[in-house]
Amino acid sequence: MESILSSHMSDSKSNFESSQAYPTENISDTNEQMIAFWSNERLSPILLAYNKEYVDGLTSLIEEQTLEIERINEENDKDLLFITILQTEVERIKFILRSYLRCRLGKIEAHYQHYHELLYNPRIPDQFAEHETSYLNNYKQLVEGHFNNAILNQLPQVLQTFPDDDEACNLLKFMILYLFLRIFLVNRPSDDYGVFIKIIQDVGTYNFNDAMPFDLQMSVGNLFFIKFKHALELMDKGWARLI
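Definitions and limits used
- All residue numbers here refer to positions counted from 1 along the written sequence of the relevant chain.
- Given that this is a predicted model, residues contribute local features only at a pLDDT of at least 70 and side-chain atom pairs are listed and counted only at 80 or more, while totals for whole chains, interfaces and linings are drawn from all residues.
- The basis for every side-chain value is the complete set of non-hydrogen atoms in the structure, without hydrogens or water.
- Pairing of aromatic rings covers Phe, Tyr and the six-membered ring of Trp, with a centre-to-centre limit of 6.5 Å; geometry is then stacked below 30 degrees between planes, edge-to-face above 60, and tilted otherwise.
- Runs of E in the DSSP output that reach at least two residues are strands. Runs of H or I that reach at least four are helices, and both are numbered from the N terminus.
- Burial classes follow relative accessibility: with a 1.4 Å probe on protein chains only, a residue under 20% of its type's maximum area counts as buried, one over 50% as exposed, and anything between as partly exposed.
- Two strands qualify as a pair provided that DSSP identifies no fewer than 2 bridges between them.
- To obtain an axis, a line is fitted to C-alpha atoms, over the contacting stretch when the element is a helix, and the angle between two such axes runs from 0 to 180 degrees between their N-to-C directions.
- Any two residues whose heavy atoms approach within 4.5 Å at even a single point are treated as in contact.
- A cavity, in this analysis, means grid points on a 1 Å lattice covering only the protein atoms where a 1.4 Å probe fits yet has no way out; a pocket is instead an open set bounded by protein on both sides within 12 Å along at least five of seven lines, and a residue lines either one if it has an atom within 4 Å of a point.
- Grid points are joined across faces, edges and corners, and a volume is the space filled by probe spheres set on the points.

Enquirer: Is there a simple way to explain the packing of aromatic side chains in this structure?
Expert: Aromatic ring pairs are described here by two measures, namely the spacing of the ring centres and the angle between the planes. Taken as a whole and assessed by the stated rule, the structure comprises 8 aromatic pairs. When the centroid spacing of 5.5 Å and the interplanar angle of 75° are considered together, the rings of Tyr-112 and Tyr-139 count as edge-to-face. Of the two residues, Tyr-112 sits in helix H5 (residues 112-118) while Tyr-139 sits in helix H6 (residues 130-150), which places them 27 residues apart along the sequence. The class for Tyr-112 is buried, based on a relative accessible area of 8%. Given a relative accessible area of 24%, Tyr-139 falls into the partly exposed group. Where Tyr-115 meets Phe-128, the ring centres are 6.2 Å apart and the plane angle is 80°; that geometry is what we call edge-to-face. With Tyr-115 in helix H5 and Phe-128 in the loop between H5 and H6, the pair connects residues that are 13 residues apart, well separated along the chain. Note on Tyr-115: relative accessible area 2%, which makes it buried. Taken together through their ring pairs, the aromatic side chains of Tyr-112, Tyr-135 and Tyr-139 make up a single cluster.

Enquirer: What's the story with the sheet that holds strand S5 (residues 240-242) in this structure? I'm lost.
Expert: Sheet strands line up and pair through hydrogen bonds in the backbone, either parallel or antiparallel. Pairing in this open sheet of 3 strands is antiparallel, and the strands run S4-S1-S5 from one edge to the other. Only two strands of the sheet have a single neighbouring strand rather than two, namely strand S4 (223-227) and S5. Each strand of the sheet is rotated relative to its neighbour by a mean of 40°, with strand direction disregarded. Strand direction decides the pairing type here: strand S1 (residues 194-199) and S5, joined by 3 bridges, are antiparallel. Within S5, the position partnered with Ile-197 by the bridge is Leu-242. Across the sheet, helix H9 (residues 228-236) is in contact with S1, S4 and S5; its angle to S4 comes to roughly 125°.

Enquirer: What's the story with the layout of surface pockets in this structure? I'm lost.
Expert: Empty space among the atoms can be located by rolling a probe the size of a water molecule over them. Its volume calculated, the largest pocket comes out at about 650 Å³. Leu-48, Ala-49, Leu-232, Met-235 and Asp-236 are the residues nearest the centre of the largest pocket, which is lined by 27 residues in total. Looking at the lining of the largest pocket, the elements with two or more residues in it are helix H2 (24-43), H5, H9 and S5. A per-element tally of the lining of the largest pocket places H2 first, with 6 residues.

Quick look at the structure:
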């Protein structure tokens, strides 16, 4: 029975791979890299740079594979076991992609004022996706509108208006709202949190620009618990990943 099933799966897989629009290796490599980005994003206290190339590439591959599975299902509807396995794998990749995007939106909501300040910072290119930029602007507008209705409009009348001067009234509202948000509500992420990292390339002896009074010897597989701002330095060079 086992040999029959193995033969059946092998034949089905051969038929599937021969008709794929993209090689299996491309999907596997892109998926593994996306898992690394997803893991780093979930474990990072700040919003990392958006990986547009991999997100768009994986999205295209998912669409291609979904169409290919549908075609195979129409041509050979008896091969349900193998088709189910393929569909499960596609759903697993979709879950990783959705979780990555949700994680980023969650960070944007938690620190929306901070990231809105960075939105048009030319020194931080490709920090946000287009949909994240739109989401951030809309979220900021909704939150500030809520505070305006819930707080400013409940202030004593003398603080809400100036007689016969609508512009001064609006200016006062804006100043109160601005001070309230800046003083009490700005919640910035911290890069001083401790994180665990795993070294994925041989680095040798490394020093974090005198941030530590000693050098670290880093080899593949080593684990360290350091501040995120130091971990980010290694991650940007492709030497480490968060765990």
